[in-house]
Amino acid sequence: MKTKKSIKIFGIFFWDSYSEMLALNWDYRFKKFQNAIISWSSRTLETLQQRIEVIRIFALSRVYYVASILPIKSAMVKKFKSLMGKFIWQGSGKILRVALEELKNDHLAGGLNLPCLTTMSNSLLSSQCL
């Protein structure tokens, strides 16, 4: 038998320090999220709805698995939101920018159903307790 400082099991890094484990896992997930966004940045997406669908399907899906296991800090949520905002409004030219909080609203309330990362991660984490 050998002792190890860290190990990766089912995509989650386990570390001997809880705070380091959280930081390592979320930094790794942010890089995966960022790579997904970068891979779609060069493509022509004409509407905001298309950009939000890319975020929902190809980028945030990489985050939800870890969010169901480990809590996310608000500083990390800000990094995700910042990158989402840059991707959504990239190349928008003279379009009036709307706050991400408005885009989270339902279509009937004037939004585009952008998922809320904080709410989703909290609900996924709490579902594990049940």
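None of these values were measured; they are calculated from a predicted model. (Residues numbered from 1 in each chain as written. Predicted model: local features only at pLDDT ≥ 70, side-chain atom pairs only at ≥ 80, totals over all residues. Heavy atoms only, no water.)

S.K.: Even after reading the chapter, I still don't get a nonpolar patch on the surface, so can you show me in this structure?
M.R.: Taken together, I7, I9, F10, F14, Y65 and I69 make up a surface patch of nonpolar side chains, about 600 Å² in accessible area. Note on placement: Y65 falls in helix α3 (residues 61–67). On the basis of relative accessibility, which here comes to 39%, the residue Y65 falls in the partly exposed class. (Patch = residues over 30% accessible without salt bridge, like charges linked within 9 Å, V, L, I, M, F, W, Y side chains within 5 Å. Areas by Shrake-Rupley, 256 points an atom, 1.4 Å probe, with all protein chains shown as cover. Salt bridge = Lys/Arg side-chain N within 4 Å of Asp/Glu carboxyl O. Helix = DSSP H or I, 4+ residues; strand = E, 2+ residues; numbered from the N terminus. Buried < 20%, exposed > 50% of the residue type's maximum accessible area, 1.4 Å probe, protein only.)

S.K.: How do you make sense of the side chain of R29 when you look at a structure like this?
M.R.: With respect to the helices, strands and loops of the structure, R29 is situated in helix α1 (residues 18–41). Despite its burial, R29 remains without a salt bridge, the nearest opposite charge being carried by D27 at 11 Å. Separated by 3.5 Å, the side chain of R29 and the backbone oxygen of G11 make a polar contact. (Lys, Arg positive; Asp, Glu negative; His and termini not counted. Polar contact = N/O pair within 3.5 Å; in protein donor to acceptor, adjacent residues only side chain to side chain.)

S.K.: Just checking my understanding: could you explain unusual backbone geometry for this structure?
M.R.: Most peptide bonds take the trans form, and the phi angle of most residues other than glycine is negative. One non-glycine residue with positive phi stands out, namely F10, at about 50°. Here F10 is to be found in the loop between β1 (6–9) and β2 (12–15). One non-glycine residue, N113, lies in positive phi territory at about 60°. Overall, the relative accessible area of 29% leaves N113 in the partly exposed class.

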